[in-house]
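If you want the building blocks of each chain, they are given just below.
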Amino acid sequence: MTGLEPGTRLPERGFGPVTMTDVVRYQGASGDLNPMHHDDELARAAGYPAAFSVGMLGAGWLAAYCTDHFGEESVRRFRTRFTQVVYRGDRLTASAEVVRLFEQDGERRLELAIQLRRDDGALVVDGSAEFALT
């Protein structure tokens, strides 16, 4: 990717709508079988309107969004923080902005501010990532 400088925004990418199949497939692959993510009755009993998505699924979609641009082999750091619950039917948008370009350990690197938002604009995953540039 060329023309990267602080303030550059990567093209956004959409995910969803989130389905129960997405959630259950992620749970099976990750081993996170918490029933709050697939049992509506249990989730309602705990005060939620329905079962909710696994936070790491959103983080995984953000990771895929970033590695589609820079490649898996170039990841040097990836950090996320979950800020809101995601439910089935939510549509999500990944975005990233270049924060800085720098050198470390003999590599040219790029730091991104990354976000995943619902269509209503609510921030659901916030984070940062660093990639080696070739």
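1. Remarks on the pairing of strand E4 (residues 107–118)
Right, on to step 1. Two elements, strand E3 (residues 92–104) and E4, share 12 bridges in a ladder whose sense is antiparallel. Considered in E4, the bridge of Ala94 is made with Leu116.
Right, on to step 2. Between E3 and the antiparallel strand that follows it, E4, lie two residues; Asp105 among them carries a positive phi value of about 50°.
Right, on to step 3. Strand direction decides the pairing type here: E4 and strand E5 (residues 123–133), joined by 10 bridges, are antiparallel. Residue pairing across strands places Gln115 opposite Asp126, the latter belonging to E5.

2. Observations regarding the side chain of Thr8
Right, on to step 1. The residue Thr8 is located in the segment before strand E1 (13–15) in this model.
Right, on to step 2. In terms of polar contacts, Thr8 uses its side chain to reach the backbone carbonyl oxygen of Glu5, at 2.8 Å.
Right, on to step 3. Setting aside its immediate chain neighbours within four residues, Thr8 contacts Gly3, Ala96, Glu97 and Val98.

3. Concerning the sheet that holds strand E2 (residues 75–82)
Right, on to step 1. Strand order across the open sheet formed by five strands is E1-E3-E4-E5-E2, with antiparallel pairing between neighbours. Each edge of the open sheet carries a strand with a single partner, namely E1 and E2. Across the sheet, the mean angle separating the axes of adjacent strands is 20° when strand polarity is ignored.
Right, on to step 2. Taken strand by strand, helix H3 (residues 55–70) contacts E1, E2, E3, E4 and E5, and its axis lies near 145° from that of E2.

4. Things to note about the pattern of salt bridges
Right, on to step 1. Summed over all chains, the structure comprises 13 salt bridges.
Right, on to step 2. We note a salt bridge from Arg109 to Glu107, for which the minimum N-O separation is 3.0 Å.
Right, on to step 3. Note on Arg109: relative accessible area 7%, which makes it buried.
Right, on to step 4. Among the salt bridges present, the one from Arg118 reaches Asp120, with a minimum N-O distance of 3.4 Å.
Right, on to step 5. Overall, Asp120 belongs to the exposed group, its relative accessible area being 57%.
Right, on to step 6. Among the ionic contacts, a cluster of salt bridges with common partners joins Arg76, Arg77, Arg100, Asp105, Glu107, Arg109, Glu111 and Glu130.

5. What to know about the packing of aromatic side chains
Right, on to step 1. Going through the model one piece at a time under the given rule, you end up with three aromatic pairs.
Right, on to step 2. Ring centres of Phe15 and Trp61 lie 5.4 Å apart, and the angle between their planes is 15°; this geometry places the pair in the stacked category. Of this pair, Phe15 sits in strand E1 while Trp61 sits in helix H3, and the two are 46 residues apart along the sequence.
Right, on to step 3. Between the NZ or CZ atom of Arg100 and the centre of the ring of Phe102, over which it lies, the distance is 3.8 Å.

6. Digging into H3
In an α-helix there are 3.6 residues to a turn, and that puts residues three or four apart on one side.
Right, on to step 1. The end-to-end C-alpha separation of H3 is 23 Å, in line with the 22 Å expected for 16 residues at 1.5 Å each.
Right, on to step 2. Taken together, the buried positions of H3 are occupied by Leu57, Gly58, Ala59, Trp61, Leu62, Tyr65, Cys66, Thr67 and Phe70.
Right, on to step 3. Packing partners of the buried residues in H3 comprise E1, helix H1 (20–30), E2, E3, E4 and E5.
Right, on to step 4. Taken from the residues just after H3, Gly71 is the one with a positive phi, measuring 90°.

What counts and how
Residues numbered from 1 in each chain as written. Predicted model: local features only at pLDDT ≥ 70, side-chain atom pairs only at ≥ 80, totals over all residues. Heavy atoms only, no water. Pairing = 2+ DSSP bridges. Helix = DSSP H or I, 4+ residues; strand = E, 2+ residues; numbered from the N terminus. Polar contact = N/O pair within 3.5 Å; in protein donor to acceptor, adjacent residues only side chain to side chain. Contact = heavy atoms within 4.5 Å. Axes fitted to C-alpha atoms, helices over the stretch in contact; angles between N-to-C directions. Salt bridge = Lys/Arg side-chain N within 4 Å of Asp/Glu carboxyl O. Buried < 20%, exposed > 50% of the residue type's maximum accessible area, 1.4 Å probe, protein only. Phe/Tyr/Trp six-rings, centres within 6.5 Å; stacked < 30°, edge-to-face > 60°. Lys NZ or Arg CZ within 6 Å of the ring centre and 35° of its normal. Expected span 1.5 Å × (residues − 1).

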